Amino acid sequence: MNDDDPINSLANAIRHRSAILFVGAGVSISVGLPSWEKLIERMAKELGVDDEFSTRRDRFQTLAEYYRIKHGSIGPLRSWMDRNWSVAKERIEKSELHRLIVTLDFPVIYTTNYDRNLELAFEIHGREYVKVANARHVAQARRGVTHIVKFHGDFDEDSSLVLTETDYLDRLSFNSPLDVRFRSDALGSTILFIGYSLSDPNIRLLLHRLWQTWHRFGYEKDRPPSFIFMPSRNPVEEAVLGRWGISVLVGTGDDPEAGLTDFLRRLVEAVAVT
């Protein structure tokens, strides 16, 4: 195994339980959940919004805000998402991607996904976990098992969901209980991001804030390495992320899901090397 391969640094951190995982929508889409575009189409149709507005993914939060104004709450939308953003247990059982995530045994997994596919994967494979979705959970979460932190909320609690424009703007302060928890975890851990598109402004803000935390106090050289898996190479993005201290790990082939699965399989193998 090549000692210069960045996967070795990541595998070593995982082996010593000093790495955390951050999981995005791509992992849920891999087992059949609708894309964000499907949710936007649903809202636009129900609200009678023109197609031009509804096809702009960057205005999703504004559309959700309008939904809340028109309906008085996001409850009906959350109920629809809860029914439609779930997959049969058999899909998770057959998911090699979810099995590999469980096998890697991260002490903490953050996710911006609202669904409970990660929790179900841990149950299927007989591994203990605790869900962390609010301040009470942060305080009460027992140690010694994987913490699955629902960074943008959970279907079990409408008020926890970060969905509308107001929700996202409120999180820009980066001082909610889950933000404080993440900052604490991130200061001493290697972080691996998977299932994200770099066009997502929320993940870009998160990555920038992570860099900013270290840069402000002048200790960038002491920061643990962080990584993001991307299905294909983009020199522009790699340069920007590199400045923020994030190394890009690039997949092989044209299938993003297959590329991520292959990457995690290689990571499992690397972790097993002592």
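Going by the structure above, here's the rest.
Let me begin by describing the structure that accompanies this report. Nothing here was measured: the structure is a model prediction, and the numbers come from that model.

**A few points about the overall build of the protein chain**
Counting secondary structure elements, the protein chain contains 15 helices and seven strands. In summary, the protein chain has a C-alpha radius of gyration of 19 Å against a globular reference of 19 Å for 274 residues, a match within 12%. For the protein chain, the spread of C-alpha atoms along the principal axes amounts to about 55 × 45 × 45 Å. Here the protein chain, with 274 residues, has 50% of them falling under the buried criterion. Within the protein chain, contacts between residues separated by at least 24 positions form 66% of all contacts whose residues are at least 6 apart in sequence. Of the roughly 13,400 Å² that the protein chain leaves accessible, carbon and sulfur atoms contribute 49%.

**What to know about the pattern of salt bridges**
In total, this model carries 14 salt bridges according to the counting rule given. Where Arg 68 meets Asp 167, a salt bridge forms, and the shortest distance between an N and an O atom there is 3.5 Å. Taken together, the residues Arg 68 in helix α5 (residues 60-71) and Asp 167 in helix α11 (residues 165-171) connect sequence positions 99 residues apart. For Asp 167, a relative accessible area of 13% corresponds to the buried category. For Arg 142, the salt bridge is made with Glu 128, and the minimal N-O distance between the two is 2.5 Å. With Arg 142 in the loop between α10 (135-140) and β4 (146-150) and Glu 128 in the loop between α9 (117-124) and β3 (129-132), the pair connects residues that are 14 residues apart, well separated along the chain. For Arg 142, a relative accessible area of 42% corresponds to the partly exposed category. A residue is classified by how much of its surface remains accessible, and Glu 128, at 51% relative accessible area, is exposed. Each of Glu 119, Lys 131, Lys 150, Asp 154 and Asp 156 takes part in a single network of salt bridges with overlapping partners.

**Here we look at the packing of helix α8 (residues 96-104) against α9**
It is at 9 Å that the axes of α8 and α9 come closest, and there the two elements cross at 70°. Taken together, α8 and α9 sit at an angle that is classed as roughly perpendicular. The residues of α9 that touch α8, namely those facing His 98, Ile 101 and Val 102, are Asn 117, Leu 118, Ala 121 and Phe 122. Looking at side-chain class alone, the contact of α8 with α9 contains five nonpolar, two polar and no charged residues.

**A closer look at helix α12 (residues 177-187)**
What α12 keeps buried is the set Leu 178, Asp 179, Arg 181, Phe 182, Asp 185 and Ala 186. In a view along the axis of α12, the buried residues occupy a sector of 160°, so they form one face of it.

**Side note on empty space enclosed by the protein**
Here the structure, examined in full by the defined rule, presents one cavity of 30 Å³ or more. For the largest cavity, the calculated volume is near 50 Å³. Around the largest cavity, the lining residues are Phe 174, Phe 182, Arg 183, Ala 186, Leu 187, Arg 209, Leu 210, Thr 213 and Trp 214. Secondary structure elements with two or more residues in the lining of the largest cavity: α12 and α13 (201-217). Classifying every residue of the lining of the largest cavity gives six nonpolar, one polar and two charged.

**Digging into the environment of Glu 220**
Secondary-structure assignment places Glu 220 in the loop between α13 and β6 (226-230). Through-space distance from the C-alpha of Glu 220 to that of Trp 244 is 9.4 Å; in sequence the pair is 24 residues apart. Ignoring anything within four residues of it in the chain, the contact list for Glu 220 reads Trp 214 and His 215.

**Comments concerning the sheet that holds β4**
With parallel pairing, seven strands are arranged side by side in an open sheet as β3-β4-β2-β1-β5-β6-β7. Looking at which strands have only one partner, the edges of the open sheet turn out to be β3 and β7 (246-250). Across the sheet, the mean angle separating the axes of adjacent strands is 20° when strand polarity is ignored. Pairing of strand β2 (residues 108-111) with β4, which is carried by four bridges, proceeds in the parallel orientation. Across the sheet, residue Thr 111 finds its bridge partner in β4, namely Lys 150. The strands touched by α12 are β1 (19-23), β2, β3, β4 and β5 (190-194); relative to β2, the strand with the most contacts, the crossing angle is about 135°.

Reading guide: rules and limits
- Residues numbered from 1 in each chain as written.
- Predicted model: local features only at pLDDT ≥ 70, side-chain atom pairs only at ≥ 80, totals over all residues.
- Heavy atoms only, no water.
- Helix = DSSP H or I, 4+ residues; strand = E, 2+ residues; numbered from the N terminus.
- Rg over C-alpha atoms; globule rule 2.2 N^0.38 Å.
- Buried < 20%, exposed > 50% of the residue type's maximum accessible area, 1.4 Å probe, protein only.
- Contact = heavy atoms within 4.5 Å.
- Areas by Shrake-Rupley, 256 points an atom, 1.4 Å probe, with all protein chains shown as cover.
- Salt bridge = Lys/Arg side-chain N within 4 Å of Asp/Glu carboxyl O.
- Axes fitted to C-alpha atoms, helices over the stretch in contact; angles between N-to-C directions.
- Parallel < 35°, antiparallel > 145°, perpendicular 65-115°, else oblique.
- Nonpolar A, V, L, I, M, F, W, Y, C, P; charged D, E, K, R; others polar.
- Arc of directions from axis to C-beta.
- 1 Å grid on protein atoms, 1.4 Å probe; cavity = no way out; pocket = protein on both sides within 12 Å on 5 of 7 lines; lining within 4 Å.
- Points joined across faces, edges and corners; volume = space filled by probe spheres on them.
- Pairing = 2+ DSSP bridges.

Everything listed here is a matter of geometry and, on its own, says nothing about what the molecule does.
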